Amino acid sequence: MPTVLIIDDNAAVGLALDVLFSLHDIAALHAASPEEGLAVLARAPVDLVIQDMNFTADTTSGEEGVALFRQIRGLYPDLPVILLTAWTHLDAAVDLVKAGAADYLPKPWNDERLLATVTNLVELGQANRALAQRVGRERRERRELEQQYDLRNLVWADPALERVLQLACQVARADVPVLITGPNGTGKERIAEIIQANSQVANGPFVVLNCGALPSELIEAELFGADAGAYTGASRAREGKFEAADGGTLFLDEIGNLPPAGQMKLLRVLETGRFERLGSNRERQVKVRVISATNADLPAMIRAGTFREDLFYRLNVIELRLPPLAARPGDILPLALSFLAPGKHLDRTTEAALLAHPWPGNVRELKNVMARANLLAGGDTIRVPDLGLPAAAPAPQLPEAEPDRDAIAAALARAGGVVSQAAAELGLSRQALYRRMERLGIGRA
């Protein structure tokens, strides 16, 4: 049950508010002076304060209320404060709202408006506290992750990537194949490096083969090696990637491009650790941790008959799904800052443009954009034109007509009942939305 502290020297005011709140499952505490109110705040958890502006008989200046508000704000900067004021103190109350007061209400107050204001402020405060707790928990988890594992100096901040990193580090020491899926440019090879760095073969070689960068007739030779004369141009024997990665990790990027013959041989190596070079009948034995990656839809390729189902399940013992950059917005600015040239910085408009861009090319695109901006910026500050991003589509215009009941209800639903967010979406002030909610009979969710 939320708790409201009423600081007012008029006992009748405290009693009236106590009765009003008790009918709506809100606990009320009452203090008759600023000193008593501060003492209550020091010993009891309070979700919201309602304070008068005058406490001394024959005093109407409102200076006592201003002083009390500033004390509360200094001690409890996140605690919502509603001011109860006579109309003669309206200017002072407006100034305090600009200084951080949550709202002001005239005496005598309107019960419905007061309840709506209190309810929404309490809910907003609870949401903010929950957000602060979540942010604090995420920071602790991030510090623990960075202290416990070698993350290869990866730049990241978004919880979506943290979940991938936690799973990658968790399975790193298990001797099982890992499949990393996700769009191009999201950093799949970096995740593979992190798995290698925290594995039991961390001191072994880390060998990379991009299966999409070679003609299909050469991929087998790259993977397994070839004896002299095995194919046209093979004038001498050559070692394959599996032999080079013996005792370490082989990262097979774009695994969906592996031709059928290569898929069959790869399956055998995963099952037995044995293979033959092209043109050779002698089996070779290796111990290699295989990590593969793809941006392709391998299940669709299986249905189309272009990828072996048994190989898919061999590779997919553990799957790590790497989200696109647009799905982890918390990483955009830290990455952009990591790509800045020494002495360069971003202005706030540029930061907003980076956050608004959809990044279809993911981290690779962001790196290229920042490289361009570093070269083209005329001074130390990188501005929006330096980025060379395509012009964003104009934001949809809000309707000029007053939003109706359905529009308000929909906005509140999208905002999870947080009135301030719904008001911003509708282009209204919080108080304007309160008035419309009261007039249309819209209660809190």
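Here, the structure is the one placed above.
Attention here is on the structure that accompanies the text. Remember, it's a predicted structure, so these values are computed and weren't measured experimentally.

This part takes up the overall build of the chain. A tally of helices and strands in the chain yields 19 helices and 14 strands. In terms of overall size, the chain is more extended than a compact globule, its C-alpha atoms giving a radius of gyration of 32 Å where 445 residues would be expected to give roughly 22 Å. Seen through its principal axes, the chain has C-alpha atoms that stretch 105 × 45 × 45 Å. Taken over 445 residues, the chain has a buried fraction of 45%. Pairs at least 24 apart in sequence give 66% of the contacts found in the chain among residues at least 6 apart.

Quick look at unusual backbone geometry now. For aspartate 25, which is not glycine, the phi dihedral falls at a positive 55°. Tracing the chain through its elements places aspartate 25 in the loop between α1 (11–22) and β2 (27–31).

Let us look at the packing of helix α18 (residues 419–426) against helix α19 (residues 430–440). As a packed pair, α18 and α19 sit with axes 9 Å apart at the nearest point and diverge in direction by 95°. What the angle tells us is that α18 and α19 run roughly perpendicular. Together, Val419, Ser420, Ala422, Ala423 and Leu426 of α18 and Arg430, Leu433, Tyr434 and Met437 of α19 make up the contact between the two elements. Its residues assigned to classes, the contact of α18 with α19 shows seven nonpolar, one polar and one charged.

Next up on the list: the packing of aromatic side chains. Scanning the model with the defined rule gives five aromatic pairs in all. Arranged with centres 5.7 Å apart and planes meeting at 5°, the rings of phenylalanine 224 and phenylalanine 242 form a pair that is stacked. Pair noted here: phenylalanine 224 is in helix α8 (residues 216–224) and phenylalanine 242 is in helix α9 (residues 241–244), with a separation of 18 residues, a long-range link. A relative accessible area of 1% places phenylalanine 242 in the buried class. Plain terms: the ring middles of phenylalanine 312 and tyrosine 313 are 5.2 Å apart, the flat faces sit at 70° to each other, and that makes the pair edge-to-face. Classification of phenylalanine 312 as buried rests on a relative accessible area of 9%. An aromatic cluster is built from Phe224, Phe242 and Phe275, whose rings are joined through pairwise contacts. The ring centre of tryptophan 156 lies 4.7 Å from the NZ or CZ of arginine 142, which sits over that ring.

A cluster of like positive charges, contributed by Arg137, Arg139, Arg140 and Arg143, occupies part of the molecular surface. With respect to the secondary-structure elements, arginine 143 resides in helix α5 (residues 111–148).

Another aspect to go through is the pattern of salt bridges. Under the definition given, this model contains 18 salt bridges. A salt bridge links glutamate 319 to arginine 321; the nearest nitrogen and oxygen atoms lie 3.6 Å apart. Look at glutamate 319 and you get partly exposed, because its relative accessible area is 25%. Overlapping salt bridges bring together Asp227, Glu243, Arg277 and Arg284 as one network.

Here is what the cut-offs are and how they apply
- Residues numbered from 1 in each chain as written.
- Predicted model: local features only at pLDDT ≥ 70, side-chain atom pairs only at ≥ 80, totals over all residues.
- Heavy atoms only, no water.
- Helix = DSSP H or I, 4+ residues; strand = E, 2+ residues; numbered from the N terminus.
- Rg over C-alpha atoms; globule rule 2.2 N^0.38 Å.
- Buried < 20%, exposed > 50% of the residue type's maximum accessible area, 1.4 Å probe, protein only.
- Contact = heavy atoms within 4.5 Å.
- Axes fitted to C-alpha atoms, helices over the stretch in contact; angles between N-to-C directions.
- Parallel < 35°, antiparallel > 145°, perpendicular 65-115°, else oblique.
- Nonpolar A, V, L, I, M, F, W, Y, C, P; charged D, E, K, R; others polar.
- Phe/Tyr/Trp six-rings, centres within 6.5 Å; stacked < 30°, edge-to-face > 60°.
- Lys NZ or Arg CZ within 6 Å of the ring centre and 35° of its normal.
- Patch = residues over 30% accessible without salt bridge, like charges linked within 9 Å, V, L, I, M, F, W, Y side chains within 5 Å.
- Areas by Shrake-Rupley, 256 points an atom, 1.4 Å probe, with all protein chains shown as cover.
- Salt bridge = Lys/Arg side-chain N within 4 Å of Asp/Glu carboxyl O.
- Lys, Arg positive; Asp, Glu negative; His and termini not counted.
- Charge placed at Lys NZ, Arg CZ, Asp CG, Glu CD.

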